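Here is what each chain is made of, one letter per residue.
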Amino acid sequence: MAEKDKYIPSPKRVFINNVDTYASKCIAKLLSECVAEAPVDNEEAMGPSDARAFQIVGTVIDRTNANTPRILESYFQPDRTTLLSKLMHCDVVLYNITQHADQVEEALWAVSALHNEIGTFSAPKMFILVSTVMTWACSKPVDPDDLELPLTDENFTSRRPHFYFKQHIDLEKRVVKMGKTNRALLSTYVVASGLQYGMGEQIFHCFFKKSWLGHEISIFGDGKNIVPTIHIKDLASVVLNVIERQPRPYYLLAVDSSRNTMEEIVKVVSTVLGPGKMQKKPFEEAFLIQDLSVMETYSMLVNLHMEAAYIKKLFSINWLYEFGLVENIELVVEEYRRTRGLLPIRLCVLGPPAVGKSMMSKQICEHYKLHHVTLKDTISETISQMEDAMKHGDPNAWDSESQELLTSLKYSMEQNGDVSDDQLKVLKDKLMSNPCKNQGFVLDDFPRTYEQAKELFHAEEHDGTSQMSSFSKTSVPEFVLCLDASDAFLTDRVINLSERLVKECNYEPEHFMKQLATYRESNLEEETVVNYFIELDIMPLYLEITSNDEPDCLFLMQKIFNTVGPPRNYGPYSHEVEAEERRKTEERMRKEAQEKAEEEQREAEEARCRAARWEEWSKSLEKAKQQDEEQLEAQSVPMRNYLMEHVMPTLNQGLIECCRAQPQDPVEFLAEYLFKHNPFDYSH
């Protein structure tokens, strides 16, 4: 063909069911990123949309995902007539039945409907069924005398399904049969996928999730069963090769080259991502896990040694994880963290003594669900763990190196002097532990010098990097908070602390002033802790503490939250977090109820005391009043006697005379009468 006759082929239209779910979404992503090969002279004329090799359309199970990126068209619960018209406009129809059992019936309808419309096809079509190796679950060994011989694609006619997957194998047979009618117009393929992992981990997600949260993992059954697996990206590559190469075999196994048992998978996940603790439980208890569907629960019991012979023979797949999950666990764990946004948040909080570092660190840890790390607590925790290991007879705890470390740590704790190399090593191990690597940490009030920072965050292997870049990317903080306040404010805060806190924080006047002076002097040096982080392009956030008022503290915390961003852990809808939140809520409600009952009891007691005091006061008042009256009565007796003897007789006689005379002014008449008849007036 002449150069002028070259053209850019139009993109193939590919339909994928449930395109917003795990496996379908990954397949859609890979196909949407494929670029069509174009002649050199046309490269400049090609636009971004023209370069795509595939256009992806499909159904979604969630209406909110209707505008999924990289998807040209999406349909939410279309009726059969509408769906068939959409399928007829596609070059490739792909149905994935590895996740939802209800898709088996729809896939059977889709391939049957397309088969019935073969006579109306304007161009060849391809139907791909992504099925599961569970249709092989009860298959017999190829050679009973050689159990090491794997099952391959060539043995697909003798496969036997698990009882729960009988519909799946019936569908596989129907798909194969319909592809034999007129393969030039409708070619059909079945891709039997191993248990899928990667990009979120699908069936193994419950193990990853529990490990990330630091919980113990359960192995259901004896764990000795061999589990055929495949990374979801490698499965997508298999599907892409089927579309592009259209191989002659119509039944393909899609499994990697691993031969891992369920116990090996669980163990490596727990060790690399979690605390490394496991326990075996009866398989029936797996049905109690809310994160696992019935299909996934039965799939974990599969015991098959398989080999994808056709794929290795016919395709040149660039395997990403050819040797399985166990062999590539570090890469899989890193991919898991990034896919789910479970990236650790690492902070360092610095500042002078009594500025409020610990209080702020605890609030940050509470908000982001991080681990609060201090040098003192880490050393104490390590000593306790080592002593506990010795009590339980752990041989590693009794070797000379461990004994020397324990002695050194105890001595350094008693001396409370400079930070030793052993202390730095223990703190470094803490920052590199799985909990800190998973959720993150807040390093409180450490390091205090440039040299300590350099030693603490120094990478073990440089790989030829420069000295300044040889820091550990998994332990160095990504955010540094520098708190500060005036000496007068800090001194006033310490003065107002309770005696208990002063002793607990070692803030006696002489020691506190020495700590403050040491901090101020260290920050005047050329090489400071802050300078170390600045040299690593980690710009500190400076916060000035000027008040103890709650609104000001809340404003500073909000400023920190805005700088750090949203949490990077499992959202509030995960079962573990829900259970934890529910436990905390119940505990808070129980505590509030107890406090309310105590408050009511206290108020009732106070009311009784007030009533008793009121009654006592009333009695005292009544008694005093009675005493006053008695005293007044006693004081009035002489006066009353005097009046009755000397005044009242004359007054009574005057009133009688006034009544007889009936004068115009009775008062004046009575007054003159009293003057005239005063018995003590001796002038008469």
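Everything below is about the structure printed above this text.
Values in this document were obtained by computation on a predicted structure and should not be read as measured data. Along every chain, residues carry numbers that run from 1 in the direction the sequence is written. The predicted origin of the model limits local features to residues at a pLDDT of at least 70 and limits the giving and counting of side-chain atom pairs to 80 or more, whereas totals for whole chains, interfaces and linings rest on all residues. Calculation of side-chain values draws on the structure's entire complement of heavy atoms; hydrogens and water are dropped beforehand.

A. Looking closely at helix 18 (residues 487-495). Think of it in three bands: with a 1.4 Å probe and only protein chains considered, a residue is buried below 20% of the maximum accessible area for its type, exposed above 50%, and partly exposed in between. Secondary structure is summarised from DSSP: a helix means a run of H or I of at least four residues, a strand means a run of E of at least two, and numbering begins at the N terminus for each. Residues of helix 18 that are buried: Phe489, Leu490, Arg493 and Val494. One face of helix 18 carries all of its buried residues, which in axial projection span an arc of 130°. Opposite the packed face of helix 18, turned more than 90 degrees from it, sit the exposed residues Ala488 and Ile495. This arc corresponds to the set of directions leading from the helix axis out to the C-beta atoms.

B. Seen up close, helix 4 (residues 166-178). In a regular helix each residue adds 1.5 Å, so 13 residues correspond to 18 Å; helix 4 covers 19 Å between its end C-alpha atoms and thus fits that length. Along helix 4, the residues classified as buried are His168, Ile169, Leu171, Glu172, Val175, Val176 and Met178. Tucked into the core, helix 4 has its buried residues touching helix 3 (103-116), strand 5 (125-132), strand 7 (186-193), strand 11 (251-254) and helix 8 (294-299). Take the residue count of a helix, subtract one, and multiply by 1.5 Å to get its expected span. Whether two residues touch is decided by their heavy atoms; if any such pair falls within 4.5 Å, the residues are in contact.

C. Up close: the nonpolar core. Ranked by internal contacts, the top residues of the largest apolar core, which has 114 residues, are Phe127, Ile128, Phe204 and Phe208. Here this core takes eight residues from helix 6 (residues 232-245), the largest share from any one element. Non-local contacts of phenylalanine 208, meaning those with residues more than four positions away in its chain, are made with Glu201, Val269, Leu273, Leu325, Ile329, Val332, Val333 and Tyr336. Working definition of a nonpolar core: buried Ala, Val, Leu, Ile, Met, Phe, Trp, Tyr and Cys residues. They are joined through side-chain atoms within 4.5 Å. Phe446, Val480, Cys482 and Leu536 belong to the second largest nonpolar core, which has 32 residues in total.

D. Seen up close, the packing of helix 2 (residues 80-88) against helix 3. Axis definition: a line fitted to C-alpha atoms, over the contacting stretch in the case of helices. Angles run 0 to 180 degrees between N-to-C directions. One can describe the packing of helix 2 onto helix 3 by two numbers: an axis separation of 11 Å at closest approach and a directional angle of 60°. Judged by the inter-axis angle, helix 2 sits oblique to helix 3. At the point where helix 2 passes helix 3, the crossing takes the right-handed sense. Side by side, helix 2 and helix 3 meet where Arg80, Leu83, Leu84, Leu87 and Met88 of the first sit next to Glu106, Trp109, Ala110, Ala113 and Leu114 of the second. Gly is placed with the polar residues, together with every amino acid not listed as nonpolar (Ala, Val, Leu, Ile, Met, Phe, Trp, Tyr, Cys and Pro) or charged (Asp, Glu, Lys and Arg). When its residues are assigned to classes, the contact of helix 2 with helix 3 shows eight nonpolar, no polar and two charged. The scheme is simple: roughly parallel for angles under 35 degrees, roughly antiparallel for over 145, roughly perpendicular for 65 to 115, oblique for anything else. Each crossing gets its handedness from the near helix: less than a right angle anticlockwise from the far helix is left-handed, clockwise is right-handed.

E. Quick peek at the pattern of salt bridges. What makes a salt bridge here is a side-chain nitrogen of Lys or Arg within 4 Å of a carboxyl oxygen of Asp or Glu, nothing more. Counted by the stated rule, this structure contains 20 salt bridges. Salt-bridge contacts for glutamate 263 lead to lysine 224; the nearest nitrogen and oxygen are separated by 2.9 Å. Placement of the pair is glutamate 263 in helix 7 (residues 262-273) and lysine 224 in the loop between strand 9 (217-220) and strand 10 (229-231), with a sequence separation of 39 residues. Across the pair glutamate 335 and lysine 233 runs a salt bridge whose closest N-O atoms are separated by 3.6 Å. With glutamate 335 in helix 11 (residues 329-339) and lysine 233 in helix 6, this pair connects stretches of sequence that are 102 residues apart. Under the relative-accessibility criterion, glutamate 335 is labelled buried at 10%. Members of the salt-bridge network, linked through shared partners, are Lys224, Glu263 and Lys280.

F. A look at the sheet that holds strand 7. Strand order in the open sheet formed by seven strands is 3-2-1-4-5-7-11, with parallel pairing between adjacent strands. Of all strands in the sheet, those bounded by a partner on one side alone are strand 3 (73-76) and strand 11. In this sheet, neighbouring strand axes are inclined to one another by 20° on average, regardless of whether the strands run parallel or antiparallel. The strands touched by helix 1 (residues 22-33) within the sheet are strand 1 (12-16), strand 2 (54-60) and strand 4 (92-96), with strand 1 carrying the most contacts at an inclination of about 170°. The strands touched by helix 4 are strand 5, strand 7 and strand 11; relative to strand 5, the strand with the most contacts, the crossing angle is about 160°. In short, DSSP must find at least two bridges between two strands for them to pair.

G. Structural context of unusual backbone geometry. Between phenylalanine 446 and the following residue, proline 447, the backbone shows a cis peptide bond with an omega angle of 0°. Positive phi, close to 80°, is recorded for glutamate 201, a residue that is not glycine. Looking at where glutamate 201 falls in the secondary structure, it is placed in the loop between strand 8 (195-197) and helix 5 (205-212). Residue class for glutamate 201 comes out buried when judged on its relative accessible area of 0%. Its identity is not glycine, yet aspartate 537 carries a phi of approximately 65°, on the positive side. Secondary-structure assignment places aspartate 537 in the loop between helix 21 (529-535) and strand 18 (541-544). Owing to a relative accessible area of 67%, aspartate 537 belongs among the exposed residues under this scheme.

H. View of the sheet that holds strand 16 (residues 440-444). Pairing within the open sheet is parallel, and its five strands lie in the order 15-16-14-17-18. Two strands in the sheet have a free side with no partner beyond their single neighbour: strand 15 (371-373) and strand 18. Averaged over all adjacent pairs, the angle separating strand axes in this sheet is 20°, with direction ignored.

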